[in-house]
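Chains, contacts and geometry: an overview
What follows is the residue order along each chain.
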Amino acid sequence: MKNYTLLCLIILNIFYGYSQQSKVNSGDKKYDGYAYVDAIKTYERVAEKGYKSEDLFKKLGNSYYFNSEFEGAAKWYGELFAMNPSPEAEYFYRYAQSLKSTGQLAKADKVLNEFNTKYKNDSRGKLYKEDVNYLDQIKLNSGRYKIEDAGINSKYSDYGSFVYDNKIYFASARDTGNFSQRKHKWTGEYFTNIYNADIDAESGSSTKVNKIKTAINTKFHESSPAFTKDGKTVYFTRNNFIDGKKGKDDNKVTLIKIYKATLENGKWTNIAALPFTSDNFSTAHPALSPDEKTLYFASDMPGTIGQSDIYKVSINSNGGYGTPENLGKTINTEGKETFPYVTSENEIYFASDGHPGLGGLDVFVGQLQDNGTVSDIQNLGADINSPNDDFAYIIDPATRRGYFSSNKAGGHGSDDIYKFLETRRLKCIQELTGVITDAESGIILPGTKLTLYDSQQVVVSTTISNAEGKYSFAVECGKSYNVRAVKTDYATKEVMVNIGKVSGKTDLPIALDKIICKVAIGDDLGKCFGIKMIYFDLDKSNIRVEAALDLEKILDVLNQNPTMKLDIRSHTDSRATHQYNEALSDRRAKSTIAWLIKNGVAKNRLTGKGYGETQLVNKCSDGVPCTEEEHQMNRRSEFIIVGL
C-alpha cells in the first residue's frame, strides 16, 4: 500500500464526559467530524493555477517519485529545473531516473551530464571514474598483513601454491640434480615441476621440499595444482604434452593446457587434457569452487577480451563439463587476468595488470554475485602488491592465513612464495544505525519502514524500526547510500549518507515531519502548510505574490470544506508605535479576508482582526534589544479554525 501521499487531517474538538458511554459518544462524534485535506492535491491544484516555488515542485516531484509514478515525477521535476537549473544533487539524479523511465533517454543523458559536471564526487554519476584516486584506495587497503618468506624458496622460480592435507604444493624450476635437466629457451631456467612440503600445523612453517614422483611431472612445464577435497582428483597446468607427444598450434608453438588426473591405488593415472582445451589457445591455473561444481581458470580462447581472461566452466555430476563462460568486463580487461582463486565467502582473488595497480601483475579481490558477475573489485594493497609481478594468492577464509607468489625485490629467485596472516579484513565492517523520531515532538517512532539504497538507487536491504525507534543496516565502508523512511501519517524522507572508510558504526538519526495535521476548533490551519506569515510590502497591506501562493492553499482547504470558518489574525513586532502597528496589522488582516472573499469564499465564513504588538511570543517588547530572527517570530499570521 502506498503511504506517501501527504494528508492533513482536521478533527473536531470534543469535550469529554465522565461516563464510559459519553466517551464512546465523544469518540463517534470525533470520527464523524473528520475532514480530510489532501495536501498534495492542494499543492497540485495551486501549481496548476500558475503559482511557482521550488519547495512546491520538490514536494510534488518527490510524491510521485517515491511512488514510482515517474511520469508525474518527470513533470514536476521539470518545472523545478525550469525555475532553478541547479538544485541539490538528489534532484538531478531523480529527474534523470524519471526521464529514463518514461523513455526520454536523450534528455536523461543531458541531465546526467550536467549532474556529473556539477557534482563530480557523487558516485552515481555514470561518467565518474571510480579509479581516479586508486592510489589512495591502495593506501587504505595496505597495512593489513604480516608477511614472511614461506621457507621453501630456491634461487630459481617457485610459485603457484596450493594447500592440501597439511602439505603445500607448488611449481618450481629448481635444480634437482637430475642428469636429464632441461632448460626453457624463453627463461633460461629449468622447466617447472610440481613439488610439495609438509606444513607445521602450529607455526605454519614448511619442512623439506620434495619433488612429487608421479606421472604428473614431465620434462616440460607443470604448475598450479588444485586438489578435490577427497584428494582423489587433481587439476593442473602443463605444456601441451601427453603420452610423449607435443601438441602445437598453427604457428608450431606448444601452448599450455589444463589437465586432470585421478588417484587409483595410490598412483595418479587417467591423465588427460580437459575437453574444452585446444592446441590453438592456452588454458591454465585451475581453481575449484568450494562446492567443486565449478572450475575457474585463465585463458586466451576465442571471445577473450584481453591478453588472458578469467573463465568458469561447470563440472557436471556425470563427470562432463559445460561450456566455458567469460566472467565479463567487470573483472576482465584488455590486459591480463590470471590465477583465479575462489573462497567459501564468494570472493574471487585474481592477478591483473589491467586494473589500476602498482605495476606488473597485482592481486585483486572481487565479489561473485548470484548472476555470475563480479562486483566490488579492490586492490589488496601494498603489502601483497609491489611494482613487480604479484600473483597466485590463496587464503583460508577461516584462519586468514595463506600464500602468494611474487618476483618483488629481496627474494631468493625470479619468483618466490610468501606466507601471510591477514590481520585486518579488506572488506571493513560498518554498521549504519539510527533512531527514528517525530521532528516536532522528538518522540520515537517504532514501526517505521526503512529501505537502504545503493548509489545507483538499487534496493540493498529493508528493515523496520524497533520498539525503541532504532534501526540498523550492514553496509560497506567508503560507500554512499540513501536511506528512505516511510511511516503512516508522516512525510516520506530520504537521506544520503557517506559511510566511513574504517570498521565501526555510522550514526544516522532521522526525524520525520507529520503530514497528518490533527487540528481542532481553536487550532491554526496555517500550521498544516507551514504558513508563518502572509508577506506584505513594507508599511503596506497589498497582497504580494508569495502571500498569494500561501493563500491559495488556505483557499483550497476552504473550498474542500464548505462549512469551515476561520478567524484571521495578523501580528507585528514592536518596532513601531503601538497605535501604528495595530492599524497596520488590522489592514493586513482585512486585506487577507478581502482576497479570500474575492476568490469565492462566503463573507460569513471569515472574521479577522489585527493585534499589532499586543501578543508578542517572546521578550522583544519596546526597548528590548533583539535579533532580526527574534523580531521575525512576532510578525506572523494565524488562521484559527472557529467552525467546522
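Refer to the structure above for everything that follows.
Here the structure is a predicted model, which means the values were calculated and not measured.

With respect to the secondary-structure elements, Asp415 resides in the loop between β23 (401-406) and β24 (416-422). Engagement of the side chain of Asp415 in a polar contact is seen with the side chain of Ser157, the distance being 2.8 Å. When near neighbours in sequence (up to four residues on either side) are disregarded, Asp415 contacts Tyr156, Ser157, Asp158, Tyr159, Phe391, Ser406 and Asn407.

All right, on to the packing of aromatic side chains then. Applying the stated criterion across every chain, the model contains 25 aromatic pairs. Pairing Tyr393 with Phe420 gives two aromatic rings, centres 4.8 Å apart and planes at 20°, and the pair type is stacked. On the criterion of sequence distance, the pair formed by Tyr393 in strand β22 (residues 390-395) and Phe420 in strand β24 is long-range, its members being 27 residues apart. For Phe420, a relative accessible area of 3% puts it in the buried group. Relative to Phe420, the ring of Phe404 lies with its centre 6.4 Å away and its plane at 45°, an arrangement referred to as tilted. Taken together, the positions of Phe404 in strand β23 and Phe420 in strand β24 put the pair 16 residues apart, joining distant regions of the chain. Aromatic rings pair up to connect Tyr145, Tyr349, Tyr393, Phe404, Tyr418 and Phe420 into one cluster. Directly above the ring of Tyr91 sits Arg94, whose terminal nitrogen or CZ lies 5.5 Å from the centroid. Looking at Lys408, its charged tip hangs above the ring of Tyr418, at a distance of 5.5 Å from the centre.

Moving on, we come to the sheet that holds strand β5 (residues 167-172). A sheet is described by the order of its strands in space; here four strands give the open sequence β4-β5-β6-β7, paired in antiparallel fashion. Whereas interior strands pair on both sides, the edge strands pair on one side only; in this sheet they are β4 (158-164) and β7 (206-211). Strand after strand, the sheet turns through a mean of 25° between neighbouring axes, direction not considered.

A few words on helix α9 (residues 578-598). If you check α9, its first and last C-alpha atoms are 30 Å apart, about what 21 residues at 1.5 Å a residue would give, namely 30 Å. Next to the buried residues of α9 lie α8 (545-560), β33 (565-571), β34 (606-612) and β35 (637-643). Where α9 ends, the next residue or the one after it, Gly600, has phi of about 110°, a positive value.

In this section: α8. Compared with the 22 Å implied by 1.5 Å per residue over 16 residues, the 23 Å span of α8 between its first and last C-alpha is a close match. In terms of residue burial, α8 counts as a mostly covered element, since 12 of its 16 residues are buried.

Taken together, the three strands give an open sheet; going across it, the order is β34-β33-β35, and neighbouring strands pair in mixed fashion. At either end of the open sheet lies a strand with only one pairing partner, and these are β34 and β35. Each strand of the sheet is rotated relative to its neighbour by a mean of 20°, with strand direction disregarded. Pairing between β33 and β34: six bridges, direction parallel. Note that in β34 the partner of Ser570 across the bridge is Gly610. Strands β33, β34 and β35 of the sheet are contacted by α9, whose axis makes an angle of about 160° with β34.

Here is what the cut-offs are and how they apply
- Residues numbered from 1 in each chain as written.
- Predicted model: local features only at pLDDT ≥ 70, side-chain atom pairs only at ≥ 80, totals over all residues.
- Heavy atoms only, no water.
- Helix = DSSP H or I, 4+ residues; strand = E, 2+ residues; numbered from the N terminus.
- Polar contact = N/O pair within 3.5 Å; in protein donor to acceptor, adjacent residues only side chain to side chain.
- Contact = heavy atoms within 4.5 Å.
- Phe/Tyr/Trp six-rings, centres within 6.5 Å; stacked < 30°, edge-to-face > 60°.
- Buried < 20%, exposed > 50% of the residue type's maximum accessible area, 1.4 Å probe, protein only.
- Lys NZ or Arg CZ within 6 Å of the ring centre and 35° of its normal.
- Pairing = 2+ DSSP bridges.
- Axes fitted to C-alpha atoms, helices over the stretch in contact; angles between N-to-C directions.
- Expected span 1.5 Å × (residues − 1).

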